[in-house]
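Structural characterization, general
One letter stands for each residue in the lines below.
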Amino acid sequence: MSGPNPLYDEPELAAAYARVSATNAANAAYERPAVRALLGEVCGLDVLDAGCAAGEHSAWLADHGARVVALDASEAMVRLARERLGEQVRVLHADLAQPLPLDDASADLVLSSLTLHYLEDWCAPLREFARVLRPGGRLVLSTHHPLMTAGDVDDYHAVRLVEETWHGFGAPVLVTYYHRPLQRIVADMLAAGFVLRGMHEPQPTADADARDPKLAARFRTEPGFLIVDAETARR
Ligand SMILES: C[S@@+](CC[C@H](N)C(=O)[O-])C[C@H]1O[C@@H](n2cnc3c(N)ncnc32)[C@H](O)[C@@H]1O
């Protein structure tokens, strides 16, 4: 369901992603700490983790007192997340390109971490997030920074498919995702009914320097990911 991304759909690759991303620089020491610092206090919140992979963010949210529903389109990831999270979190096998199997106004926070760039059309899931959020509910999403993907496309201003071979997860694997220009990111979020709270271009942590000095040095001067913080109107 998640498209041509064997990394997530094939059980061995999904397991390799889960294992490597639990401790690597880009996820464990860059994106996740930045997202969590931004989230702040989550205790008592109803949270949707949309694109949960093996459940790293879900586990942190549940450990910090949130009631979490997680979803992912990859059966292999859903299996890993269920094994990891047990009864703590309800993990759904669901595709963000489809209407979400969740009630209107049932969440205080939607977190979608490094997932929406896999969808060419992200407007439908953004509208679904607005629907499932309560009035004044918050959406925090992280995605590839358009600066990082701009060099791989022929037109910065268009939504474009990017093909990249990843080498850090066992055998080399071709991964595809979409470049989205910054203006489009903002316009689509506003059109889906969100009010922007902020946009963040995180700095790598000291841990990232220790884990992958080359990558950390690059991300220190060229942002790898963009984190968007938004909320629905307070009706
Ligand atoms: C980079 S991983 C997410 C990382 C995760 N948030 C973490 O911190 O470990 C991207 C995830 O998005 C999922 N995904 C891709 N397309 C999706 C879709 N259309 N609907 C739901 N999940 C999708 C993939 O299966 C994969 O698990």
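For the structure itself, look to the data block above.
Residues numbered from 1 in each chain as written. Predicted model: local features only at pLDDT ≥ 70, side-chain atom pairs only at ≥ 80, totals over all residues. Heavy atoms only, no water.

Let us now look at the nonpolar core. By size, the foremost hydrophobic cluster in this structure holds 28 residues, and its most contacted members are Leu48, Leu126, Phe129, Leu139, Met189 and Phe194. When contributions to this core are tallied by element, the ones reaching two or more residues are strand S1 (46-50), strand S2 (67-72), strand S4 (107-113), helix H6 (123-132), strand S5 (133-144), helix H8 (182-191) and strand S9 (225-232). Per-element tally for this core: the top contributor is H6, with four residues. Not counting chain neighbours up to four residues away, the residues in contact with leucine 126 comprise Leu116, Leu139, Leu141, Asp188, Met189, Ala192 and Phe194. Within the second largest apolar cluster, 23 residues are counted, among which are Val42, Val78, Leu85 and Val91. (Core = buried A, V, L, I, M, F, W, Y, C linked by side-chain atoms within 4.5 Å. Buried < 20%, exposed > 50% of the residue type's maximum accessible area, 1.4 Å probe, protein only. Helix = DSSP H or I, 4+ residues; strand = E, 2+ residues; numbered from the N terminus. Contact = heavy atoms within 4.5 Å.)

The next point concerns the packing of helix H3 (residues 25-39) against helix H4 (residues 56-63). At their nearest, the axes of H3 and H4 sit 11 Å apart, and the two run at 35 degrees to each other. Note that H3 runs across H4; the crossing there is right-handed. Side by side, H3 and H4 meet where Glu31, Arg32, Val35, Arg36 and Leu39 of the first sit next to Glu56, His57, Trp60 and Leu61 of the second. Looking at the contact of H3 with H4 residue by residue, the class counts come to four nonpolar, one polar and four charged. (Axes fitted to C-alpha atoms, helices over the stretch in contact; angles between N-to-C directions. Left-handed = near helix turned anticlockwise from the far one by under 90°. Nonpolar A, V, L, I, M, F, W, Y, C, P; charged D, E, K, R; others polar.)

Taken together, 20 residues are adjacent to the ligand, and Arg32, Asp72, Asp95, Leu96 and Ser113 come closest. Separating an oxygen atom of the ligand from a side-chain N or O atom of arginine 32 is a distance of 2.9 Å. One nitrogen or oxygen atom from the main chain of glycine 51 is found 3.1 Å from a nitrogen atom belonging to the ligand. In terms of residue class, the shell around the ligand is made up of eleven nonpolar, six polar and three charged. (Near = heavy atom within 4 Å. Polar contact = N/O pair within 3.5 Å; in protein donor to acceptor, adjacent residues only side chain to side chain.)

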